[in-house]
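# Commentary on secondary and tertiary structure
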Amino acid sequence: MRGKGKSTIVWLLMGMLVLGLGGFGVTNFSGGTADIGAVGKVSISAQDYARALRSEMQDFSARAGRQITAVEAKAIGLDRAALGRLYTAAALEAEANRVGVSVGDKAVADQIANISTFRGLNGRFDRNLYADRLRSEGLREAEFEQDLRMDMAGLILQDAALAGVSAPQPVVAQTQGWLLETRDIHWRELTAEDLPAPVATPDDATLQAWHQANAEKFTSPEIRKITYVWLVPEMLEGEVEVDEQALRDLYQERIEEFQQPERRMVERLVFPTMAAAEEAKARIDRGEITFEQLAGERGLTLGDIDLGEVSEAELGAAGPAVFALDQPGVAGPASSDLGPALFSMNAILEPLNIPFEQARTDLRLEAAIDRARRQIEERSGEFADLLAGGATLEDMAKETPMKLGQIDWSTGAEADPNGIDAYPEFRQRAAELTEKDFPELFETEDGGVFALRLDKIEPPALIPFDEVRERVAEDWTQNEIHRQLLALAEEQRVAAEAAAEPGIEPAPAAATAPVAQAIGAAATGGGAAGTGTEAVASNGATAEPKPTPDPGAPVTGLARGGFISGVPQEVVTQAFEIAAEGSTEVADAENRVFLVTLDKIHPAATEGDEAAQIRDTIDARLTDSLRQDVFDYFTRALQAQGGATVNQTAVEAVNAQVQ
């Protein structure tokens, strides 16, 4: 039995509006009969693969915001994705045929009727439109309906295979506990002021060695010297004449932008009866519930009931009540076109009254730029012909309104907001340009045009030491400070953990005092036995008591994935990697050094509505992941069982015709 092995439902929803195979240059498949492969007795034709590849490219182009090329599609792996989808569908179809799974004609008819592509202007299934759509895709109705039937049979098999797959509850509970655990910590940042001595000034030999060892930091990028001509609507705006009456007509066409009555930001909650609305309003007035909570009781969010900006007239019978409020609040109950309702007024928008004289400047600018855009569009053919005829960019600047310019451009360089390099179209062409390319005309997104020529490429080069000496010195100093801070932090971490260990006597004061002061681990008493507040020096004099060091900033109830103001996120991550209470770790984050001490681990609160919602989310995500894995194993087993074959020559033939 010959099948198509494609997921027709998905293709129709994603790509059928782009009719024919010309959208991506896929041609010459309407009459072909070559197969690219098969699973058992279910074959996959070249037409199927062409449609699948086109669908993948169209979907990716929509997400990327630009049309991708065939080379890009292959590099991304879209050809492999299309093949994978086809072989999965073919394996399911072969298994459905083997076990005798199918669906009835009514199910197929209902599915077709629900596909929006086949609906006419009245929103109903259109038989003629159905035939036209299939014909444009090179499909016969019987073939399409059989494919659809087998797709639905494959879904039945898929549901049966995955019906018993669910996330193990111990794993869900462990994940929930891990996610909801909170911690109490102390943290402190070490800075250059904490170092026992300032970092020494390096000599030239040290800096030159640093310059060579870190050449990538002091290397200029590739410079592409480009000559260009360009013309954008703003360049012609001052030369364009705009009729005064045309501006007045434009003002009247857009009068709602300049003349608006007072408006309010309003949300409306409709009730089945006036009594129910009055009872709800009474609960709000008594402070028992908020308007948002009231909507939540009805299974609605504020976004579901938002009316946006409305005038008094637009609110109808409820207008006077809502506009009687002089500050945000709840009005009603009042009648609406959907029934009795409460209205939450959130903001008052003052009337808008911009006369023509005030709007004229902006209108004139818009109209002039629009007319300049049309003029450029009308002359773009002339510009392209001149370039094709051999005109240089310098000739273009003399014979046309286009402006000549030169730029030293490099990838990643900050663009001039008013320069040609601000246009993504220019940056793309500049990156691809070679010295052998002849200038040709390109368009910008705002209706402008440009052409460019690559004059020279200056390769990346190490900047001479004398030109970047200050940068090298600054980089070396910052690196040395950071290195010393890490070493100091490690010393303090070890000292802190030693101080926390019971039964371990502290080291002699002369050795431990600076570290103890830095981490706040010094004893509260300064005597030899740790019992008094003063220590006796060797000469018999009383030493000054050591100040109690700052242990750092405390943070309580820190959640995994939470944040600490002014602190890199890596510090929070480090806090949750500490294994034992009382332990201290060093966090190296964003070229800053921190000491993080774990004070207390609070087990997850697994009771309550919020915890239950998180548990359900974890359960759903783990289940989805397991089902995807099981489905992959299932379809691979079906392919192995049925015997999957690939005609690589036919695959490459299709790829070669995708432009």
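First, a word on what this report is: a plain description of the structure on this page. If you're wondering where the values come from, they're calculated on a predicted model, not measured in any experiment. (Residues numbered from 1 in each chain as written. Predicted model: local features only at pLDDT ≥ 70, side-chain atom pairs only at ≥ 80, totals over all residues. Heavy atoms only, no water.)

### Some remarks on the pattern of salt bridges
Under the criterion given, the structure shown has 32 salt bridges. The partner of D110 in a salt bridge is K106, and the shortest N-O contact between them spans 2.9 Å. Linking D110 with K106, this pair stays in helix α5 (residues 105–113), spanning 4 residues, or about one helical turn. A residue is classified by how much of its surface remains accessible, and K106, at 60% relative accessible area, is exposed. R493 is the salt-bridge partner of E497, the closest N and O atoms lying 3.4 Å from each other. Note that E497 and R493 are positioned in helix α19 (residues 469–500) at a spacing of 4 residues, about one turn of the helix. The exposure class assigned to E497 is partly exposed, which follows from its relative accessible area of 25%. (Salt bridge = Lys/Arg side-chain N within 4 Å of Asp/Glu carboxyl O. Helix = DSSP H or I, 4+ residues; strand = E, 2+ residues; numbered from the N terminus. Buried < 20%, exposed > 50% of the residue type's maximum accessible area, 1.4 Å probe, protein only.)

### Description of the environment of E577
On the secondary structure map, E577 appears in the loop between α21 (569–575) and β17 (584–589). A relative accessible area of 54% means that E577 is categorised as exposed.

### Looking at the side chain of S583
Within the secondary structure layout, S583 lies in the loop between α21 and β17. Judged by its relative accessible area of 17%, S583 falls in the buried class. Among all residues touching S583, those that are not within four sequence positions of it are E497, I578, V596, T597 and L598. (Contact = heavy atoms within 4.5 Å.)

### Topic: the nonpolar core
Residues I36, Y49 and M57 are the most contacted members of the largest nonpolar core, which totals 33 residues. When contributions to this core are tallied by element, the ones reaching two or more residues are β1 (35–39), β2 (42–45), α2 (46–64), α4 (78–99), α7 (141–162), α22 (609–642) and α23 (648–656). Leaving out residues up to four positions away in the same chain, I36 has contacts with I44, S45, A46, Y49, L83, L86, Y87, T645, V646, N647, A650 and V651. Residues L250, Y251, A367 and A391 belong to the second largest nonpolar core, which totals 24 residues. (Core = buried A, V, L, I, M, F, W, Y, C linked by side-chain atoms within 4.5 Å.)

Purely spatial values, then, with no claim about function.
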